[in-house]
Number of protein chains: 2
Amino acid sequence: MSSASSPPRAGILVTGTEVLTGIISDRNGPWVSEQLRKLGVDAAMIEIVGDRPEDLLQALRSMAERGLALIVTSGGLGPTADDLTAEIVGRFCGREMVLDEPLEARIAEILAPMMSRWPNLDPDAIRRSNRKQAVVPEGATVLEPVGTAPGLVVPPRHGSGDDPGGGPTVVVLPGPPRELQPMWAAAVATDAFREAIAGAVEYRREIVRLFGIPESEIANTLRDAEAAGIELDPLEITTCLRRGEIEIATRYEPAAQDAYDALLGFIEQRHGDTLFSRDGSTIDEQLAGLLAGRTLAVAESCTGGLLAARLTDRAGASEYFLGGGVVYSNEAKTDLAGVPPELIERVGAVSVEVAVALAKGVASRFAADLGVGITGIAGPGGGTEDKPVGLVCISVCSAAAADGPRSITRRTVMPGDRGDIRDRSVTVAMHLLRRLLLGESDEGRDRLGGGEVPVGR
Amino acid sequence: MSSASSPPRAGILVTGTEVLTGIISDRNGPWVSEQLRKLGVDAAMIEIVGDRPEDLLQALRSMAERGLALIVTSGGLGPTADDLTAEIVGRFCGREMVLDEPLEARIAEILAPMMSRWPNLDPDAIRRSNRKQAVVPEGATVLEPVGTAPGLVVPPRHGSGDDPGGGPTVVVLPGPPRELQPMWAAAVATDAFREAIAGAVEYRREIVRLFGIPESEIANTLRDAEAAGIELDPLEITTCLRRGEIEIATRYEPAAQDAYDALLGFIEQRHGDTLFSRDGSTIDEQLAGLLAGRTLAVAESCTGGLLAARLTDRAGASEYFLGGGVVYSNEAKTDLAGVPPELIERVGAVSVEVAVALAKGVASRFAADLGVGITGIAGPGGGTEDKPVGLVCISVCSAAAADGPRSITRRTVMPGDRGDIRDRSVTVAMHLLRRLLLGESDEGRDRLGGGEVPVGR
């Protein structure tokens with residue numbers, strides 16, 4: 001499913017040995033890629049190199065050879081000797097390095113409060129190393145520092161003699177995301193940036209999400225859609241499996257809106273039961289909306305707080321999230337969620353019965369409208385033949401429904417390692433909660449005409 | 001701080017539009033980079049490209065031009081039409097694509113249980129799309145699938161006529177980390193892999209970690225170490241700030257051991273109070289060791305379960321972690337951790353007093369030896385002039401000490417966004433717990449001769 005070619009394209013160059021060696025993970029490449037996409041510019045590649053000047057220069061040259069119109073770099077703008085990006089980009093663009101005196105004064109001003117905060121630092125050493133940050137390629141536009149490092153937009157090479165000049169415009173940004181991101185708008189507003197991306201094509205991008213079917217099913221559906229006469233050529237479709245959910249992202253030019261609408265209709269018809277998001281909204285966003293005006297408490301064993309942490313990751317969660325118990329020990333299950341010790345004794349801590357008791361108990365304990373209980377074996381140890389590693393029991397219940405208490409409970413064996421099992425359990429719990437909030441329940445299954453819905457895989 | 005040059009080097013090529021566009025974040029590049037490092041092979045670069053065949057081929061060629069001996073690819077081995085890596089690598093290595101019949105049979109065998117589990121799938125469609133996965137470049141070594149996709153080790157190009165052949169060996173691995181990682185050992189064991197990395201230099205790598213000082217101080221220390229006569233040239237030093245901790249990673253050839261020992265001694269002398277790890281161990285690992293034989297419970301407000309989730313991320317955590325309360329609402333603080341409502345009324349939920357009450361209350365509630373209480377304002381809303389966003393109060397206490405109850409409590413204003421503040425709070429809590437377990441405490445501060453230790457910044 002490829003779309004028509006779409007000049008201009010961009011390259012993203014992330015620098016830093018600590019990123020290349022995996023000590024820290026890169027957040028800038030994907031972020032810049034997404035910002036470029038919004039401007040109608042495709043990122044052709046993200047390249048990560050260490051702090052070796054020759055690797056940096058070679059990466060820039062290889063991007064230029066690929067005909068990219070714009071290069072965005074991150075990192076290597078710090079005060080230390082191995083921070084070389086500005087100089088290398090200057091060389092790549094054939095521009096002399098010059099001291100920008102107002103910029104030097106500006107950086108000194110920024111450093112003043114820090115120097116008073118850490119009084120033991122050597123002021124001369126700091127001034128020396130930060131003067132370096134004020135030396136920039138001739139003709140570059142300086143972007144106001146957010147930390148201490150200024151960003152740069154460096155126009156293409158001048159022509160001279162046989163050399164026609166040209167090549168990519170290079171946007172040079174600092175490595176820390178909290179410095180890079182606020183600088184982006186200023187970079188985009190420069191003339192050199194605008195000129196580099198002139199001719200960008202406007203794209204639309206839609207995302208739908210499904211939960212509870214294998215990825216290969218989507219491949220089949222796309223084939224069948226095409227066989228049914230839906231034109232997929234103008235749609236660039238990417239499917240991916242993430243945290244147990246399937247995401248289908250489609251990018252297209254406005255003229256292909258009808259083709260997209262037809263595809264979406266086909267998917268809705270085929271997968272109505274597992275398609276939970278037509279507008280790209282995440283399960284997290286949907287739950288936040290569905291929970292408005294209600295209250296929730298959770299009791300987690302094997303997920304150890306991950307569900308609570310994910311729910312409270314959103315600002316404003318305190319409006320519906322009352323709290324939770326991380327009930328790792330059997331005593332905690334009893335004490336915090338009122339699970340009878342005899343029940344644990346009889347059926348074991350990892351059981352459907354205990355999951356139900358946790359959900360009901362924690363809701364009652366917190367006087368919440370809704371409760372979630374999770375108990376399972378995340379491994380690597382603790383599995384038995386009857387109860388293997390990966391076995392997780394999850395229950396969601398509502399005490400407040402007008403038609404009496406309702407609940408959904410599932411027992412699943414999840415694949416993967418400890419981290420996968422914990423993460424997947426949280427996702428399943430969130431989907432069960434969504435279904436409960438939309439009116440589904442084990443009690444009402446016959447009434448609603450629903451069957452067993454597979455969850456996870 | 002650069003070291004001698006070190007052939008052979010490798011390139012890592014991560015494929016997938018979903019990675020390039022930031023829909024999912026790449027975990028394979030850093031992981032493979034780290035595995036290569038252990039074999040003495042530097043990764044020169046990590047490149048991420050989408051699923052366009054021309055971009056893939058250009059990336060491979062650009063790596064070959066840089067003289068890399070080995071290329072490791074991830075992704076693009078699935079059953080769908082946009083999974084093209086094997087074919088493109090075959091073209092790059094000048095090798096014809098041939099159907100490997102035993103491999104086709106093996107994949108069918110792997111698919112059988114899945115097909116019985118999802119009975120609605122069309123078996124023919126599946127067999128067709130998975131036959132594709134059994135078509136491999138001639139002369140390649142096939143790596144046994146972990147999922148359904150086999151890996152490949154493809155030797156360099158044959159020579160013929162004017163073409164001398166040669167170039168990099170290409171290791172082709174699937175995208176999902178849980179498939180890629182188990183295949184690595186088999187890839188490394190192949191002759192083609194071994195030949196490609198012949199001549200790799202043995203390196204040592206040591207990591208030390210500090211907590212509670214700014215990164216610029218380390219830059220100064222390195223300068224001073226050099227001025228004091230310690231030879232840094234043979235040491236390749238990378239410093240980075242991560243989750244509020246500073247990590248200094250040093251790589252060197254065995255002959256430079258004395259230089260490294262001298263540097264470590266210098267750092268120990270300067271930063272003994274903030275240097276918490278000399279052997280690369282993380283705070284998580286250290287806490288797991290220190291907690292052996294004791295029990296712990298936590299009460300979290302603004303971190304919403306993140307501390308419990310991080311503590312239980314380790315297998316075996318159930319030996320010391322009893323559980324915790326996510327006490328988001330004031331009622332939960334009272335009910336789960338026994339914080340008196342009058343106290344919250346008087347000093348506010350975000351206060352040193354409530355942090356102490358949470359720590360003591362939750363320890364008593366769970367009958368645990370140790371308790372942790374965290375309360376703060378993670379934002380973006382909820383801040384006031386007195387209590388700004390980022391204000392977090394953290395207390396750790398021990399009820400079980402022979403010399404009476406001990407505790408450490410800190411009030412800090414943390415920088416960053418909601419996610420940063422929550423994450424940093426967890427790190428600070430873990431460091432306070434470590435200090436408490438090592439005998440430090442607010443009560444014993446005079447006795448132990450310690451002063452106020454800055455935490456966070």
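Residues numbered from 1 in each chain as written. Chains lettered and ligands numbered in written order. Predicted model: local features only at pLDDT ≥ 70, side-chain atom pairs only at ≥ 80, totals over all residues. Heavy atoms only, no water.

A look at the overall build of chain A
So, point 1. Along its length, chain A carries 17 helices and 17 strands.
So, point 2. The C-alpha extent of chain A, read off along each of the three principal axes, is 85 × 70 × 40 Å.
So, point 3. Classification of the 457 residues of chain A by burial places 57% in the buried group.
So, point 4. Considering only contacts in chain A between residues 6 or more positions apart, those separated by 24 or more positions represent 69%.
So, point 5. Here chain A contributes 46 positive and 65 negative side-chain charges, whose respective centroids are spaced 4 Å apart. (Helix = DSSP H or I, 4+ residues; strand = E, 2+ residues; numbered from the N terminus. Buried < 20%, exposed > 50% of the residue type's maximum accessible area, 1.4 Å probe, protein only. Contact = heavy atoms within 4.5 Å. Lys, Arg positive; Asp, Glu negative; His and termini not counted. Charge placed at Lys NZ, Arg CZ, Asp CG, Glu CD.)

Here we look at the sheet that holds strand β12 (residues 275-277) of chain B
Residues and elements named next belong to chain B.
So, point 1. With antiparallel pairing, the four strands of this open sheet are ordered in space as β10-β11-β9-β12. Edge positions in the sheet fall to β10 (236-242) and β12, since each has one partner strand and no second. Each strand of the sheet is rotated relative to its neighbour by a mean of 30 degrees, with strand direction disregarded.
So, point 2. As judged from the seven bridges shared by β10 and strand β11 (residues 245-252), these two strands associate in the antiparallel manner. Bridge pairing in β11 links arginine 242 to glutamate 245.
So, point 3. Here helix α9 (residues 215-227) sits on the sheet in contact with β9 (204-211), β10 and β11, set at roughly 160 degrees to β10. (Pairing = 2+ DSSP bridges. Axes fitted to C-alpha atoms, helices over the stretch in contact; angles between N-to-C directions.)

Notes on the pairing of strand β17 (residues 406-413) of chain A
All names here are of chain A.
So, point 1. Of all the eight residues making up β17, six are buried; the element is thus mostly covered by neighbouring parts of the structure.
So, point 2. In this structure, strand β16 (residues 391-398) lies alongside β17, joined through eight bridges in antiparallel fashion. Across the sheet, residue valine 396 finds its bridge partner in β17, namely isoleucine 408.

Concerning the state of the cysteines
All names here are of chain B.
So, point 1. By the definition in use, this model includes zero disulfides over all chains.
So, point 2. No disulfide involves cysteine 393; its sulfur sits 9.1 Å from the nearest other cysteine sulfur, which is in cysteine 302.
So, point 3. Residue class for cysteine 393 comes out buried when judged on its relative accessible area of 0%. (Disulfide = S-S within 2.5 Å.)

A look at the pattern of salt bridges
Residues and elements named next belong to chain B.
So, point 1. In total, this model carries 38 salt bridges over all chains according to the counting rule given.
So, point 2. As a salt-bridge pair, aspartate 42 and arginine 251 come within 2.5 Å of each other at their nearest N and O atoms. Residue aspartate 42 is located in strand β2 (residues 42-49), and its partner arginine 251 is located in strand β11; the two are separated by 209 residues in the primary sequence.
So, point 3. Owing to a relative accessible area of 16%, aspartate 42 belongs among the buried residues under this scheme. (Salt bridge = Lys/Arg side-chain N within 4 Å of Asp/Glu carboxyl O.)

What about the confidence of the model for chain A?
Residues and elements named next belong to chain A.
So, point 1. Of all residues in chain A, 93% have pLDDT values of 70 or greater, and the mean over the chain is 89.
So, point 2. Note on residues 1-5: pLDDT is under 50 here. Beyond four places in sequence and across chains, it has ten contacts.
So, point 3. Here residues 446-457 scores under 50 on pLDDT; set against residues more than four positions off or in separate chains, the count is 28 contacts.
So, point 4. Across the assembled chains, the prediction reports ipTM 0.79 with pTM 0.80. (pLDDT = per-residue confidence, 0-100.)

Focus: unusual backbone geometry
Residue and element names in this part refer to chain A.
So, point 1. Of note, the bond from glycine 379 into proline 380 is cis; its omega dihedral lies within 30 degrees of zero at 0 degrees.
So, point 2. Structurally, proline 380 can be placed in the loop between β15 (370-376) and β16.
So, point 3. Backbone geometry places alanine 367, a non-glycine residue, at a positive phi of 50 degrees.
So, point 4. Within the secondary structure layout, alanine 367 lies in the loop between α15 (352-365) and β15.

Points about the interface of chain B and chain A
So, point 1. In this assembly, 83 residues from chain B lie in contact with 84 residues from chain A.
So, point 2. Surface buried jointly by chain B and chain A totals about 6600 Å² across both partners, of which 54% is contributed by carbon and sulfur atoms.
So, point 3. Linking chain B with chain A are eight salt bridges.
So, point 4. A salt bridge links aspartate 55 of chain A to arginine 9 of chain B, with the nearest nitrogen and oxygen atoms 2.8 Å apart.
So, point 5. Linking chain B with chain A are 35 residue pairs in polar contact (both at pLDDT 80 or more).
So, point 6. A total of seven residues in the side of chain B that touches chain A trace back to one element, the largest contributor, which is β2 of chain B.
So, point 7. Grouping the constituent residues of the side of chain B that touches chain A by class yields 34 nonpolar, 23 polar and 26 charged.
So, point 8. Pairing of strand β14 (residues 321-326) of chain A with strand β14 (residues 321-326) of chain B involves three bridges; the strand directions are antiparallel. By the bridge assignment, valine 326 of chain A is partnered in β14 of chain B with glycine 324 of chain B. (Buried area = accessible area lost by both parts, 1.4 Å probe. Polar contact = N/O pair within 3.5 Å; in protein donor to acceptor, adjacent residues only side chain to side chain. Nonpolar A, V, L, I, M, F, W, Y, C, P; charged D, E, K, R; others polar.)

Remarks on the relation of the copies chain B and chain A
Note: a rotation about an axis with an accompanying shift along it relates these two copies of the chain.
So, point 1. Superposing chain B onto chain A takes a rotation of 180 degrees combined with a translation of 0.3 Å along the rotation axis, leaving an RMSD of 0.4 Å. These values place the two chain copies in the arrangement generated by a two-fold rotation axis.
So, point 2. Looking at the interface residues of chain B, 98% of them are also at the interface in chain A, so both copies use one shared face. (Least-squares fit on C-alpha atoms with pLDDT ≥ 70 in both.)

Some points on the packing of aromatic side chains
Aromatic ring pairs are reported here in terms of the distance separating the ring centres and the angle at which the planes meet.
So, point 1. Counted by the stated rule, this structure contains eight aromatic pairs over all chains.
So, point 2. Ring plane angle 90 degrees and centroid distance 5.6 Å describe the contact between tryptophan 184 of chain B and phenylalanine 193 of chain B, whose orientation is recorded as edge-to-face.
So, point 3. Ring geometry for tyrosine 252 of chain B versus tyrosine 260 of chain B: centroids 5.0 Å apart, planes at 15 degrees, classification stacked.
So, point 4. Accessibility expressed as a relative area gives 0% for tyrosine 252 of chain B, which makes it buried.
So, point 5. An aromatic cluster is built from Trp31, Trp184 and Phe193 of chain A, whose rings are joined through pairwise contacts.
So, point 6. Just above the ring of tyrosine 203 of chain A sits the side chain of arginine 251 of chain A; from NZ or CZ to the centre is 3.8 Å. (Phe/Tyr/Trp six-rings, centres within 6.5 Å; stacked < 30°, edge-to-face > 60°. Lys NZ or Arg CZ within 6 Å of the ring centre and 35° of its normal.)

Here we look at the sheet that holds strand β12 (residues 275-277) of chain A
Residues and elements named next belong to chain A.
So, point 1. Strand order in the open sheet made by the four strands is β10-β11-β9-β12, with antiparallel pairing throughout. Two strands bound the open sheet, and with one partner strand each, they are β10 (236-242) and β12. Pairwise comparison of adjacent strand axes, ignoring direction, gives a mean angle of 30 degrees for this sheet.

Observations concerning the packing of helix α2 (residues 28-38) of chain B against helix α7 (residues 177-188) of chain B
Residue and element names in this part refer to chain B.
So, point 1. Look at α2 against α7: their axes get within 11 Å of each other, and the N-to-C directions meet at 10 degrees. Judged by the angle between their axes, α2 and α7 are roughly parallel. Residues Asn28, Trp31, Val32, Gln35 and Leu36 of α2 touch α7, and the partners they reach there are Pro177, Leu180, Gln181 and Trp184. (Parallel < 35°, antiparallel > 145°, perpendicular 65-115°, else oblique.)

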